[in-house]
Amino acid sequence: MSLNESGEMYLETIYILHQKNSHVRSLDIAEYMGYSKPSISRAVGLLKKANYILVDSDGYITLTKAGNDIASKIYDRHTTLTKALMLLGIDEKTAAEDACKIEHDISEKSFMAIKQHISKYSL
């Protein structure tokens, strides 16, 4: 199944929330993203059906290997692109917002070139 930008965002959010707390539920995702509970419920259902996430009997959500692979890739892109934009003098808030827009569309080749280039700098 091909995953769209919205699906990638949900997986990235679950990944980020798991970094902060081992237990993630739909409500946590809704609060983090600022989306309605029905929107989250629909997305969770689609991600579960596509085998990107598992939902246990208590409603706790975990990423499958496939879901984790995508989420960690998107998170790496987000953090790397945010750093790159900040190195150019962009404030952190704007850099993070713009990185979020770029992370889904940038080619692997361009992303790796940016990542290699900014590895010379520390933030």
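Our subject is the structure that appears above.
Residues numbered from 1 in each chain as written. Predicted model: local features only at pLDDT ≥ 70, side-chain atom pairs only at ≥ 80, totals over all residues. Heavy atoms only, no water.

1. Overview of the overall build of the chain
A tally of regular secondary structure across the chain gives six helices and two strands. Beginning at the N terminus, the succession of helices and strands in the chain can be written as α-α-α-β-β-α-α-α. For the chain, the C-alpha radius of gyration of 15 Å lies close to 14 Å, the compact-globule estimate for 123 residues. Projected onto the principal axes, the alpha-carbon positions of the chain cover approximately 45 × 25 × 20 Å. Counted over contacts in the chain with a minimum sequence separation of 6, partners at least 24 positions apart contribute 57%. (Helix = DSSP H or I, 4+ residues; strand = E, 2+ residues; numbered from the N terminus. Rg over C-alpha atoms; globule rule 2.2 N^0.38 Å. Contact = heavy atoms within 4.5 Å.)

2. Describing the pattern of salt bridges
Summed over the entire model, instances satisfying the criterion amount to five salt bridges. We note a salt bridge from K65 to D69, for which the minimum N-O separation is 2.9 Å. With K65 and D69 both in helix α4 (residues 65-87), this residue pair falls four residues apart, about one helical turn. Owing to a relative accessible area of 40%, D69 belongs among the partly exposed residues under this scheme. For the salt bridge of K101 with D98, the shortest nitrogen-to-oxygen distance reads 3.8 Å. Taken as a pair, K101 and D98 lie in helix α5 (residues 92-102) at a separation of three residues, close to a single helical turn. On the basis of relative accessible area, K101 is assigned to the exposed category, the value being 56%. (Salt bridge = Lys/Arg side-chain N within 4 Å of Asp/Glu carboxyl O. Buried < 20%, exposed > 50% of the residue type's maximum accessible area, 1.4 Å probe, protein only.)

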